Amino acid sequence: MTRPGTSLFDLRQPSTRHPGLDAARGLAVVAMVLGHTLDALLAPGMREHPWVQHYWTLRGITAPLFLLVAGFAVVAALGTSPDSARGSFPRRWRRALLLLFLGYLLHWPGWGTVQALGWSEALRERLFAFDALQSIGVSLGVGATVLALARGTWSRALALAVLAVGIPLASPWAWTAVTHAPVELRQAVGMPGTRFPLFPWAGFFFAGALVAHLLRALRPGWPQGLALVLLGAGLLFTTARLPSDWSPQSAWLVAYRVGQGLLVLGAVNLVPRLFTQPLAPLGRTTLWLYVLHLPVVYGWSGIAGLAGRVGPVLDLGPALLVGVALLAVCFALALLARRLRRAGRSWEGQSARTRMPPINGALRPGQRT
């Protein structure tokens, strides 16, 4: 199991971790970085290639998998202690606020755009665009609150089930309810054009949390992996017999993507760790990889990225090479940041030890005998 307090984007490497979560995150982040790079650089003719079309189809599981694994990790990190949710509550809310801050920071258009648009709805729509980090951040804060309040096994299961099922089902109603609300609220709850609104995207987070709660008695590895595969296959079997609905408010689509995500998470639990272990370091640096690669690909604060400087002109091979190189550079920067962070903590610890007060009457500097 993961250590209490470990979140989806935590760079610290605990001594013991769930064997499948980091690998699933690593797989998703590779697909994310390569997908964004291909989207920005791939020539129009290459986009029609059959292999590329298959990749676009498979890439649809990336974002749902992130949220699903995030919810799973939050519950898996609690262990068996009934007080762990309350103990980790402040830390989880700090993490949630950090994700919200970074998510909105990535959408900063630059002072030139602010001056040109003024405080208009067009500017506010850009500033408060609701993306994956914001969706995970709000879900994490709500999830931490629910887990801290609902301490019993059945009360937690009920609360998580209501959120996992109710949010997707309530999405059409929620979108309608905020039709005339300020654009900031519409972006968060749901409106046409929003990429990751809480309705229904938070449903993925709480579906992962619910599954982790239901499988908490199973040992990570092949017992949980087999159960996850069976659950995922059951969801896909059920959705295949229902009318398909690919609209952004669709509860059917959430169930379908959750089934796919559970199959991926189950597979990485069943596959020998020899094959999944190389993905784990990438999974532990997900936040850094996300924050670093987006400005490079799409630009930030009025500075053009690869999409604006190069554009969709490359063949598949060169575009993939750029994506792999970008992934490697961002990963190297993430490791450097982690080393600097650890060095800073080590220096602070040594400095604190030198300032320790005297004990049991020990002489203070300058005190005579």
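Residues numbered from 1 in each chain as written. Predicted model: local features only at pLDDT ≥ 70, side-chain atom pairs only at ≥ 80, totals over all residues. Heavy atoms only, no water.

This next bit is on the overall build of the protein chain. Helix and strand counts for the protein chain stand at 19 helices and zero strands. For the protein chain, with 369 residues in total, the buried portion stands at 48%. Here the contacts in the protein chain between residues at least 6 apart in sequence split such that 75% fall between residues at least 24 apart. Element-wise, carbon and sulfur atoms account for 68% of the exposed surface of the protein chain, whose accessible area totals about 18,500 Å². (Helix = DSSP H or I, 4+ residues; strand = E, 2+ residues; numbered from the N terminus. Buried < 20%, exposed > 50% of the residue type's maximum accessible area, 1.4 Å probe, protein only. Contact = heavy atoms within 4.5 Å. Areas by Shrake-Rupley, 256 points an atom, 1.4 Å probe, with all protein chains shown as cover.)

Attention now goes to the side chain of aspartate 22. Counting through the fold element by element, aspartate 22 comes out in helix α1 (residues 21–41). A polar atom in the side chain of aspartate 22 sits 2.4 Å from the side chain of arginine 25. (Polar contact = N/O pair within 3.5 Å; in protein donor to acceptor, adjacent residues only side chain to side chain.)

An α-helical segment advances 3.6 residues per turn. Residues three or four places apart therefore align on the same side. In this model, helix α12 (residues 198–214) (17 residues) spans 23 Å end to end at C-alpha, consistent with the 24 Å of a helix rising 1.5 Å per residue. Most of α12 sits inside the fold, with 15 of its 17 residues counted as buried. (Expected span 1.5 Å × (residues − 1).)

Next up on the list: the confidence of the model for the protein chain. On average, the protein chain scores 88 in pLDDT, and the residues at 70 or more come to 89%. A low-confidence stretch, residues 1–16 (pLDDT under 50), is modelled with 55 contacts involving residues beyond four sequence positions or located in other chains. Note that residues 361–369 has pLDDT below 50 and, in this model, four contacts with residues that lie over four places away or in other chains. (pLDDT = per-residue confidence, 0-100.)

This part takes up the packing of α1 against helix α14 (residues 251–270). Where α1 meets α14, the closest approach of the two axes is 9 Å, and the angle between their N-to-C directions is 120°. For the element pair α1 / α14, the angle class is oblique. The way α1 lies across α14 gives a crossing that is right-handed. Here Leu21, Ala23, Ala24 and Leu27 of α1 come into contact with α14, specifically with Val264, Leu265 and Val268. (Axes fitted to C-alpha atoms, helices over the stretch in contact; angles between N-to-C directions. Parallel < 35°, antiparallel > 145°, perpendicular 65-115°, else oblique. Left-handed = near helix turned anticlockwise from the far one by under 90°.)

It is worth spelling out the packing of α12 against α14 at this point. Their axes nearest at 10 Å, the elements α12 and α14 cross at an angle of 45°. As far as their axial angle goes, α14 and α12 are oblique. Between α12 and α14 lies a crossing of right-handed hand. Residues Pro200, Phe204, Ala207 and Val211 of α12 form the contact with α14, whose own contacting residues are Val254, Arg257, Val258 and Leu262. Here the contact of α12 with α14 is composed, by residue class, of seven nonpolar, no polar and one charged. (Nonpolar A, V, L, I, M, F, W, Y, C, P; charged D, E, K, R; others polar.)

For the rest of this paragraph, the subject is α1. The first and last C-alpha atoms of α1 sit 30 Å apart over 21 residues, in line with the 30 Å expected at 1.5 Å per residue. For α1, a buried count of 18 out of 21 residues is recorded, marking the element as mostly surrounded by other parts of the structure.

Within the element layout of this structure, glutamine 134 appears in helix α9 (residues 132–149). Once you skip the residues sitting within four places of it in the chain, glutamine 134 turns out to touch Leu99, Leu100, Gly103, Tyr104, His107 and Ala129.

Let us now look at the environment of glycine 193. Examined against the element boundaries, glycine 193 turns out to sit in the loop between α11 (183–189) and α12. Since its relative accessible area comes to 74%, glycine 193 is described here as exposed.

To continue, consider a nonpolar patch on the surface. Together, Leu98, Phe101, Leu105 and Trp300 give the surface a local cluster of nonpolar side chains, amounting to about 360 Å² of exposed area. Along the chain, tryptophan 300 falls in the loop between α17 (286–298) and α18 (306–309). (Patch = residues over 30% accessible without salt bridge, like charges linked within 9 Å, V, L, I, M, F, W, Y side chains within 5 Å. Salt bridge = Lys/Arg side-chain N within 4 Å of Asp/Glu carboxyl O.)

Before going further, it helps to spend a moment on the environment of tryptophan 246. In this structure, tryptophan 246 sits in the loop between α13 (222–240) and α14. Between the alpha carbons of tryptophan 246 and tyrosine 256 there is a distance of 10.0 Å; along the sequence they are ten residues apart. Contacts of tryptophan 246, omitting those with residues within four sequence positions, involve Trp252, Leu253, Tyr256 and Arg257.

A separate point is the pattern of salt bridges. On inspection of all chains with the given rule, the structure shows seven salt bridges. Between aspartate 39 and arginine 47 there is a salt bridge whose closest N-O contact spans 3.7 Å. In this structure, arginine 151 and aspartate 83 form a salt bridge, with 2.2 Å as the shortest nitrogen-oxygen distance. Placement of arginine 151 in the loop between α9 and α10 (153–177) and of aspartate 83 in the loop between α4 (62–76) and α5 (84–87) is noted, with a sequence separation of 68 residues between them. By sharing partners, the salt bridges in this structure join Asp22, Arg25 and Arg284 into a single network.

Another aspect to go through is unusual backbone geometry. Cis peptide bonds are those with omega within 30 degrees of zero, and the linkage from phenylalanine 199 to proline 200 qualifies with 15°. Mapped onto the elements of the fold, proline 200 is located in helix α12. Even without being a glycine, serine 301 presents a positive backbone phi close to 55°. Relative to the helices and strands, serine 301 is located in the loop between α17 and α18. Relative accessible area serves as the criterion here: at 25%, serine 301 is assigned to the partly exposed category.

So, about the nonpolar core. Among the nonpolar cores identified, the biggest contains 75 residues, and Phe72 and Phe206 are the most heavily contacted of them. Broken down by element, this core gets its largest block of residues, twelve residues, from α4. (Core = buried A, V, L, I, M, F, W, Y, C linked by side-chain atoms within 4.5 Å.)

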